[in-house]
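Results of the structural survey
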Amino acid sequence: MKASKTILQALALIYSILKSNSVALSLVFVSLLRNHKPRTHSKLAMITLKNVHLAYTAAGRSIPVLSGASLSVAQGESVAIIGPSGSGKTSLLLVLTGLETPDSGSVVFDDVDLHTQSKDARADFRRDKIGIVFQNFHLIPSLTARENVALPLDIAGGEDARGRAADQLERVGLGHRVDHYPNAMSGGERQRVALARALIHQPSLVVADEPTGNLDNQTGDAVADLLFELNQKNNASLILVTHDPALAARCQRQVRLHEGQLKPVDA
Ligand SMILES: Nc1ncnc2c1ncn2[C@@H]1O[C@H](COP(=O)(O)OP(=O)(O)OP(=O)(O)O)[C@@H](O)[C@H]1O
Ligand SMILES: [Mg+2]
């Protein structure tokens, strides 16, 4: 629709240039062409973690989790983060999305240093740009599936949030569960509601923590297809944590979290 409108506008412009034989109009047209950037997949880093350190304190003891973790992900790239349970993958995603503040190091997203921003600015940034599928879903128990999914759009003032939420639930195979509350859904269904909520505003970065962890193979494949569809069609970056080697292998790159640092996994 948008593309055909642009083509029509371009044709109208060419026609008026030819008709008027105007030098000024020709110059405008040439400058428009010069400024037109083809939609190539940029290889510039969209998000960069540099030398991130994070330790938790529990029972008076410091638990080091990230010890100089660095990662750079380009626009449109898909990266799998792998590593054993307890190695710090979820913690890394929390730092990456600005939900946890590192002890040192930086997270730069689209030239914005996330952790130098105020909490509110970080929340706005996250809402606009990032879709997060949490490992434990974080659905709001007092809202139905449809209301949970509509929430990010409602907050952002998007149009027809309820209708779009129902469509998104349909796409994850939950068209028949839109009015269910989270506690009346299975683990896998809740996971798919969380996915629908993360994708509804078509974010430029999707971060997913074990997005297929609770799903049977067939549903897991369908959910993974949705993630990669957004990645490829919208050129959204995708960072996912998984214990599933087949899902990790679908990403362009794999990195392993080991002793608090990220190392490339050889193909
Ligand atoms: N809030 C917290 N306070 C103290 N320790 C924590 C806290 N959150 C996580 N940890 C500890 O930090 C380590 C890393 O936890 P994290 O959840 O990041 O691991 P993970 O790699 O995601 O594991 P899994 O694959 O089981 O999900 C674990 O040893 C965990 O016990
Ligand atoms: Mg985890």
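Before any of the text, the structure's been laid out above.
Each value, and the rule that gives it
Residues numbered from 1 in each chain as written. Chains lettered and ligands numbered in written order. Predicted model: local features only at pLDDT ≥ 70, side-chain atom pairs only at ≥ 80, totals over all residues. Pairing = 2+ DSSP bridges. Helix = DSSP H or I, 4+ residues; strand = E, 2+ residues; numbered from the N terminus. Axes fitted to C-alpha atoms, helices over the stretch in contact; angles between N-to-C directions. Contact = placed C-beta atoms within 7 Å. Buried ≥ 20, exposed ≤ 12 C-beta atoms within 10 Å, placed from the backbone. Near = placed C-beta within 6 Å. Nonpolar A, V, L, I, M, F, W, Y, C, P; charged D, E, K, R; others polar.

A few points about the sheet that holds strand S10 (residues 261–264)
If you walk across this open sheet you meet the 6 strands as S6-S7-S8-S3-S9-S10, and the pairing is mixed. Strands at the two margins of the open sheet, each flanked by one partner only, are strand S6 (130–133) and S10. Shown here is a sheet whose adjacent strand axes are inclined to one another by a mean of 20 degrees, direction ignored. Bridge analysis of strand S9 (residues 253–258) against S10 gives 4 bridges, and the strand direction is antiparallel. For His258, the partnering residue across the bridge sits in S10 and is Gln261. Contacts from helix H3 (residues 89–96) reach strand S3 (78–82), strand S7 (205–209), strand S8 (237–241) and S9, with the element oriented near 155 degrees to S7. Those strands touched by helix H8 (residues 217–233) are S3, S7 and S8, and its axis lies near 160 degrees from that of S7.

Some remarks on unusual backbone geometry
One non-glycine residue with positive phi stands out, namely Asp111, at about 70 degrees. Looking at the element boundaries, Asp111 is found in the loop between strand S4 (104–109) and strand S5 (112–113). Note on Asp111: 9 C-beta atoms within 10 Å, which makes it exposed. Not every positive phi belongs to a glycine, and Gln202 is a case in point at roughly 50 degrees. Structurally, Gln202 can be placed in the loop between helix H7 (187–199) and S7.

Remarks on the site of ligand 1
Lining the immediate surroundings of ligand 1 are 13 residues, of which Tyr56, Ser85, Lys89, Thr90 and Ser91 lie closest. Of all the secondary structure elements, the ones that give two or more residues to the shell around ligand 1 are strand S1 (45–58), strand S2 (61–74) and H3. The element that contributes the greatest number of residues to the shell around ligand 1 is H3, accounting for 3 residues. Residue classes in the shell around ligand 1 are distributed as 4 nonpolar, 8 polar and 1 charged.

Overview of the environment of Leu226
Structurally, the position occupied by Leu226 is in helix H8. Separated by 27 residues in the primary sequence, Leu226 and Leu199 place their C-alpha atoms 9.0 Å from one another. Setting aside anything within four residues of it in sequence, one finds Leu226 in contact with Arg171, Val172, Leu195 and Leu199.

So, the sheet that holds S2
Ordered by their spatial adjacency, 4 strands build an open sheet running S2-S1-S4-S5, and the pairing between neighbours is antiparallel. Each end of this open sheet is capped by a strand with a single partner; those strands are S2 and S5. Bridge count for S4 against S5 is 2 bridges, and the pairing is antiparallel. Each bridged residue has a counterpart across the sheet, and for Phe109 the counterpart in S5 is Val112.

Details of the pairing of S4
Relative to S4, S1 runs antiparallel, the two being bridged by 5 bridges. Within S4, the residue paired with Ile47 across the bridge is Phe109. Adjacent in sequence and paired antiparallel, S4 and S5 are bridged by 2 residues, among which Asp110 carries a positive phi angle near 45 degrees.

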